[in-house]
Amino acid sequence: MVSEKFKINSVIIDGGSGVLYQPLKNSGSTYLLSARHNFYIDNKLDKGLKKEVVISFFDAQSDKTVIELSKDENLFEHSIAD
């Protein structure tokens, strides 16, 4: 199923892809969900975590937002799957 409504939550992460998730409860937090390899240098877990990623929305790709990464503070990985 393809829907323009879904695209508003899609983001580009350093060339990879992800989605933004806002919980229904007004927690003030927004979550970026993506494959784990998008947050690592050269997409390889053994090369280390990036210090930051650049995201942009699908419909405003020239507008970039830099997000600094800190494992277990604002980056929480799934322990098994990518």
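Note that the structure is a prediction, hence the values are computed from the model and not measured.

Student: I'm lost on the side chain of serine 56 in this one. Help?
Tutor: Locating serine 56 in the fold gives a position in strand S4 (residues 52-57). Contacts of serine 56, omitting those with residues within four sequence positions, involve Ser10, Val11, Ile12, Gln61, Asp63 and Lys64.

Student: What should I look at first to understand the sheet that holds S4 in this one?
Tutor: In a beta sheet, neighbouring strands pair by backbone hydrogen bonds and run either parallel or antiparallel. Spatially, the five strands line up as an open sheet ordered S3-S2-S1-S4-S5, and their pairing is antiparallel. Whereas interior strands pair on both sides, the edge strands pair on one side only; in this sheet they are strand S3 (31-34) and strand S5 (60-68). Between one strand axis and the next, the sheet turns by 35° as a mean value, whatever way the strands run. The pairing of strand S2 (residues 16-21) with S3 spans four bridges and is classified as antiparallel. Opposite tyrosine 21, over in S3, you have tyrosine 31 as the bridge partner.

Student: When you look at unusual backbone geometry in this model, what are you seeing that I'm missing?
Tutor: A negative phi angle characterises most non-glycine residues, just as the trans form characterises most peptide bonds. Positive phi, normally seen in glycine, also occurs at asparagine 43, with a value near 60°. Structurally, the position occupied by asparagine 43 is in the loop between S3 and S4. Not every positive phi belongs to a glycine, and aspartate 72 is a case in point at roughly 65°. Looking at the secondary structure, you find aspartate 72 in the segment after S5.

Student: Help me understand the environment of tyrosine 40, please; the structure alone is not making it clear to me.
Tutor: Along the chain, tyrosine 40 falls in the loop between S3 and S4. Residues tyrosine 40 and aspartate 72, spaced 32 residues apart in sequence, show a C-alpha to C-alpha distance of 15 Å. Not counting the four nearest positions on each side in its chain, tyrosine 40 is found in contact with Leu45, Gly48, Leu49, Lys50, Lys71 and Glu77.

What counts as what
Residues numbered from 1 in each chain as written. Predicted model: local features only at pLDDT ≥ 70, side-chain atom pairs only at ≥ 80, totals over all residues. Heavy atoms only, no water. Helix = DSSP H or I, 4+ residues; strand = E, 2+ residues; numbered from the N terminus. Contact = heavy atoms within 4.5 Å. Pairing = 2+ DSSP bridges. Axes fitted to C-alpha atoms, helices over the stretch in contact; angles between N-to-C directions.

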